[in-house]
Amino acid sequence: MAEEKPKPLGVWSAVKPFVNGGASGMLATCVIQPVDMIKVRIQLGQGSGMHVVRSMLREEGVGAFYKGLSAGLLRQATYTTARLGTFRVITNKAIEANDGKPLPLYQKALCGLTAGAIGASVGSPADLALIRMQADATLPAAQRRNYTNAFHALYRITADEGVLALWKGAGPTVVRAMALNMGMLASYDQSVEFFKGNLGFSETSTVIGASAVSGFFASACSLPFDYVKTQIQKMQPDANGKYPYTGSFDCAIKTLKAGGPFKFYTGFPVYCVRIAPHVMMTWIFLNQIQIVEKRIGL
């Protein structure tokens, strides 16, 4: 009897890691958007977390906490779809090349760096739209861009500044994403192996524990890059048309001179509160999506 040939992978098998990643990221964003808005306002120098919350409620209303949600969802649909899908594809390939054995941590970190760079390159336009929409209310009325939604923001940026402006600040965005995903993705897979293999945790406990570890390392690795990225993306020219920073490196040097290394961790408590739960919820939603898919045979 002739050997049965292995069935080729269908389209769904190829796109599933990307679809699952994007869906889990978008669900997490719907929950965490208000905290993300507060984090951006703190980084823009509007005061402490409690001051920002009171000010937003008093001056702008509850809806202000969800300003930029459309851009946030678009960002997840591009950035998280690409990074989680790419990470799972390249780690699976690396595991095959490693004879099915778990990858060492440094290889997981390299996979995370690669996935972060690819995801950020794809998601940079939506990230720029999100930052501008969230920062708009902090500008003087004459300088506000008044974008109505993410697609309006992308259209206006293209029309007013050119197509390449959609990748303004892409350099620090990519570097920040590489740092975040190295911390987030590598630590999650490593923690799953440790909690399940060494400590004998159940699946639920493993996912929750590994998600918490992943959130912490994602926050710790990425905040300095996030701070620089936000400063670059929200900067405005002065009366002479000169920008405060010539680039991300210039921003980092001037920030270091002005406020020391801890300046890069401005808003760290709120950033950690925002990043860690988002990372945790992304992994938890992803796990639940995969459970549902198994039940219905996908």
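- Taking an unreviewed UniProt entry as the reference, the protein chain is identified by name as Mitochondrial dicarboxylate/tricarboxylate transporter DTC belonging to Aristolochia fimbriata.
- Turning to the protein chain, the UniProt record has this under Subcellular location (unreviewed entry): "Mitochondrion inner membrane".
- We quote the UniProt Sequence similarities (unreviewed entry) comment for the protein chain here in full: "Belongs to the mitochondrial carrier (TC 2.A.29) family."

Comments concerning empty space enclosed by the protein
Consideration 1: If you walk through the whole model with that rule in mind, you get four cavities of 30 Å³ or more.
Consideration 2: In this structure, the largest cavity encloses a volume near 170 Å³.
Consideration 3: Residue lining of the largest cavity: 19 residues in total, with R75, Q76, R176, R274 and I275 positioned closest to the centre.
Consideration 4: Secondary-structure elements contributing two or more residues to the lining of the largest cavity are α1 (11–43), α3 (69–97), α4 (105–135), α6 (170–198), α7 (203–234) and α9 (268–296).
Consideration 5: Grouping the constituent residues of the lining of the largest cavity by class yields seven nonpolar, three polar and nine charged.
Consideration 6: Looking at the second largest cavity, its volume works out to about 60 Å³.
Consideration 7: Lining the second largest cavity are T29, I32, Q33, D36, G72, R75, Q76, L130, R274 and H278.
Consideration 8: Those elements that place two or more of their residues in the lining of the second largest cavity are α1, α3 and α9.
Consideration 9: Looking at which element gives the most residues to the lining of the second largest cavity, the answer is α1, with four residues.
Consideration 10: Looking at the lining of the second largest cavity residue by residue, the class counts come to two nonpolar, five polar and three charged.

What to know about the nonpolar core
Consideration 1: Grouped together as the largest cluster of nonpolar side chains are 23 residues, with contacts concentrated most on L180, M184, L185, A218, I275, V279 and W283.
Consideration 2: Looking at this core, the elements that each hand over two or more residues are α3, α4, α6, α7 and α9.
Consideration 3: Once you skip the residues sitting within four places of it in the chain, L185 turns out to touch L84, F87, G112, A115 and W283.
Consideration 4: Within the second largest apolar cluster, 14 residues are counted, among which are A126, L128, M133 and Y147.

Regarding the side chain of T80
Consideration 1: Inspection of the secondary structure assignment puts T80 in helix α3.
Consideration 2: Within polar-contact distance, the side chain of T80 engages the side chain of Q76 at 2.3 Å.
Consideration 3: Side-chain polar atoms of T80 contact the side chain of R83, separated by 3.4 Å.
Consideration 4: Residues within four places of T80 in sequence aside, it is in contact with G21, G22, G25, R75 and G85.

Topic: unusual backbone geometry
Consideration 1: In this structure, D99 takes a positive phi of about 60° despite not being glycine.
Consideration 2: As for its placement among the helices and strands, D99 is situated in the loop between α3 and α4.
Consideration 3: D99 gets classed as exposed once you look at its relative accessible area, which sits at 69%.
Consideration 4: Positioned with a positive phi, N146 is a non-glycine residue whose angle comes to about 55°.

A few points about α4
An α-helix turns once every 3.6 residues. As a result, residues three or four positions apart point the same way.
Consideration 1: For α4, built from 31 residues, the straight-helix expectation of 45 Å at 1.5 Å per residue is missed by more than 12%, its first-to-last C-alpha distance being only 37 Å.
Consideration 2: Maximum bend of α4: about 60°, positioned at G123, with proline P125 one to four residues after it.

Side note on the packing of α3 against α4
Consideration 1: Contact geometry of α3 with α4 gives a least axis separation of 8 Å together with a crossing angle of 170°. One way to sum up the angle between α3 and α4 is to call them roughly antiparallel.
Consideration 2: Split by residue class, the contact of α3 with α4 holds 15 nonpolar, ten polar and four charged.

Here is what the cut-offs are and how they apply
- Residues numbered from 1 in each chain as written.
- Predicted model: local features only at pLDDT ≥ 70, side-chain atom pairs only at ≥ 80, totals over all residues.
- Heavy atoms only, no water.
- UniProt positions renumbered as here; feature names shortened; annotations may be inferred.
- 1 Å grid on protein atoms, 1.4 Å probe; cavity = no way out; pocket = protein on both sides within 12 Å on 5 of 7 lines; lining within 4 Å.
- Points joined across faces, edges and corners; volume = space filled by probe spheres on them.
- Helix = DSSP H or I, 4+ residues; strand = E, 2+ residues; numbered from the N terminus.
- Nonpolar A, V, L, I, M, F, W, Y, C, P; charged D, E, K, R; others polar.
- Core = buried A, V, L, I, M, F, W, Y, C linked by side-chain atoms within 4.5 Å.
- Buried < 20%, exposed > 50% of the residue type's maximum accessible area, 1.4 Å probe, protein only.
- Contact = heavy atoms within 4.5 Å.
- Polar contact = N/O pair within 3.5 Å; in protein donor to acceptor, adjacent residues only side chain to side chain.
- Expected span 1.5 Å × (residues − 1).
- Bend = angle between axes of the 7 residues up to and from the residue.
- Axes fitted to C-alpha atoms, helices over the stretch in contact; angles between N-to-C directions.
- Parallel < 35°, antiparallel > 145°, perpendicular 65-115°, else oblique.

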